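Residue-level listing of the chains:
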Amino acid sequence: MTFTAVVVLHDSEAELRALLDSIDAHLADRPQLVVVDSGSRDGGPGLAAERGAEVVALAGNPGFGAACNAGLERARRDVTVLLNPDCELMDGSLQALAAFARAHPQALHAPRLLNADGSIQRSAHPLPGTPGSLLPALVHPPLLPRAVRERVEPYRAAGARTVGWAIAACLAGATATLRRLGPFDPAVHLFGEDMELGLRARAAGIPTVLHPQLRIRHAGGHATLRGGEPYAVVARRRREAISATLGGRALVVDDVGQALTFATRAAGHAVTGGDAARPRAQLAALARAVWGQPHPAPPGHRIGGAHRHG
């Protein structure tokens, strides 16, 4: 059986072409392809239409989450995969991922994401704001026993396992389950919407499962990082997502863990002669977010805020 794939575009013509070519190469039956254009200025929407996709044009660039929700509304299959345009299929993994979602509809399902060089992306994460989440900030993860390391760095897992949340570059679920979840809060323009979804789903009894035997290549940041990494926005959005779904105590623990992680990375780079600029910038952004944030919202509060997309 086939499935629906929802792809959101924002000046993504080159990436979309590679994705569509890989779908044609690796899937015997093409999925229902819904391409949602969120303010593109290139030929991506025209390319999608030429290749047989149903194209939905949204005015005013409402953001990634709202665009995904609009695509999900048009899904006609029982399983939907949310798929970034900068993903490429390498084999039949996407079909297998949809099959897992069909067999286990009360869960969200993610594949292993690979960088262009074949290395593993940090695409699956533990539950934030727990005492255990402080461990990798205190102990260098390669020094941890394998079972413990897989708990704090679940993207390294050798077998299928539940995770706290996974990035939504490629995320599958039963269409009905995704619709019941939203899946995204449309008020969240960009950044942190996948964390918020995973944590909110977990609270509703819907786990996120990583399937590391299934592989998808993912470029990452093809549109959002073209202007540089938005440290301040990322820090603020992470705090909002954790505050809204897990509450103030978890937020404090996560703040401590993030601060320790960035500080130890910066110190490590300084000692070894590496580039400490990124962790220093992340630490500074976190500090500004902590001191500039209002009192944490209670669990269950839906988060908002408009941020840059693209």
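Here, the structure is the one placed above.
Residues numbered from 1 in each chain as written. Predicted model: local features only at pLDDT ≥ 70, side-chain atom pairs only at ≥ 80, totals over all residues. Heavy atoms only, no water.

Chemist: Before we go on, may I ask you to explain the overall build of the protein in this structure?
Modeler: In terms of regular secondary structure, the protein is built from 11 helices and 11 strands. Taken against the 2.2 N^0.38 rule, which gives 19 Å for 310 residues, the C-alpha radius of gyration of the protein at 19 Å falls within 12% of a compact globule. When the backbone C-alpha atoms are referred to their principal axes, the protein occupies close to 50 × 40 × 40 Å. Look at the contacts in the protein between residues 6 or more apart in sequence, and 80% of them connect residues 24 or more apart. Taken as two groups, the 33 positive and 27 negative side-chain charges of the protein have centres that lie 7 Å from each other. (Helix = DSSP H or I, 4+ residues; strand = E, 2+ residues; numbered from the N terminus. Rg over C-alpha atoms; globule rule 2.2 N^0.38 Å. Contact = heavy atoms within 4.5 Å. Lys, Arg positive; Asp, Glu negative; His and termini not counted. Charge placed at Lys NZ, Arg CZ, Asp CG, Glu CD.)

Chemist: For this particular structure, what's the right way to read the environment of glycine 129?
Modeler: Tracing the chain through its elements places glycine 129 in the loop between strand E7 (124-125) and helix H5 (135-138). Taking the relative accessible area as the measure of exposure, glycine 129 reaches 14% and is therefore buried. Sequence separation between glycine 129 and serine 243 is 114 residues, and the spatial gap between their C-alpha atoms is 9.7 Å. Setting aside its immediate chain neighbours within four residues, glycine 129 contacts Ala250, Val253 and Asp254. (Buried < 20%, exposed > 50% of the residue type's maximum accessible area, 1.4 Å probe, protein only.)

Chemist: Hey, could you run me through empty space enclosed by the protein in this one?
Modeler: A probe as big as a water molecule, rolled over the atoms, marks out the empty space that is left. Tallied over the full model, the rule gives 1 cavity of 30 Å³ or more. The space that makes up the largest cavity amounts to roughly 30 Å³. Looking at the largest cavity, the residues that line it are Val6, Val7, Val8, Phe64, Cys68, Leu82, Leu83, Asn84 and Ala168. Put simply, the parts of the chain that give the lining of the largest cavity at least two residues each are strand E1 (4-9), helix H3 (64-72) and strand E4 (79-83). (1 Å grid on protein atoms, 1.4 Å probe; cavity = no way out; pocket = protein on both sides within 12 Å on 5 of 7 lines; lining within 4 Å. Points joined across faces, edges and corners; volume = space filled by probe spheres on them.)

Chemist: I keep staring at a nonpolar patch on the surface and nothing clicks. Help me out?
Modeler: Residues Leu138, Val252, Val256 and Leu260 make up a contiguous nonpolar surface patch of about 340 Å² in total accessible area. Ranked by the residues each element gives to the nonpolar patch, the list is headed by helix H10 (residues 248-272), at 3 residues. Positionally, valine 252 belongs in helix H10. Among the residues examined, valine 252 registers a relative accessible area of 51% and is labelled exposed. (Patch = residues over 30% accessible without salt bridge, like charges linked within 9 Å, V, L, I, M, F, W, Y side chains within 5 Å. Areas by Shrake-Rupley, 256 points an atom, 1.4 Å probe, with all protein chains shown as cover. Salt bridge = Lys/Arg side-chain N within 4 Å of Asp/Glu carboxyl O.)

Chemist: What am I meant to see in unusual backbone geometry here?
Modeler: A negative phi angle characterises most non-glycine residues, just as the trans form characterises most peptide bonds. Across the junction of glycine 182 and proline 183, the peptide omega takes the value -10 degrees, indicating a cis bond. Inspection of the secondary structure assignment puts proline 183 in the loop between helix H7 (175-181) and helix H8 (193-203). Despite not being glycine, aspartate 11 shows a phi value in the positive range, around 55 degrees.

Chemist: I would appreciate a short explanation of the pattern of salt bridges in the present structure.
Modeler: Side chains that carry opposite charge are capable of pairing whenever their charged atoms lie near each other. Counted by the stated rule, this structure contains 19 salt bridges. The closest approach of N and O atoms between arginine 51 and aspartate 21, which form a salt bridge, is 2.8 Å. Taken together, the residues span a long stretch of sequence, with arginine 51 in the loop between helix H2 (44-50) and strand E3 (54-57) and aspartate 21 in helix H1 (residues 13-26) at a distance of 30 residues. For arginine 51, a relative accessible area of 22% translates into the label partly exposed. The exposure class of aspartate 21 is partly exposed, given its relative accessible area of 40%. Look at the salt bridges and you will find they share partners, linking Asp21, Asp24, Arg30 and Arg51 into a network.

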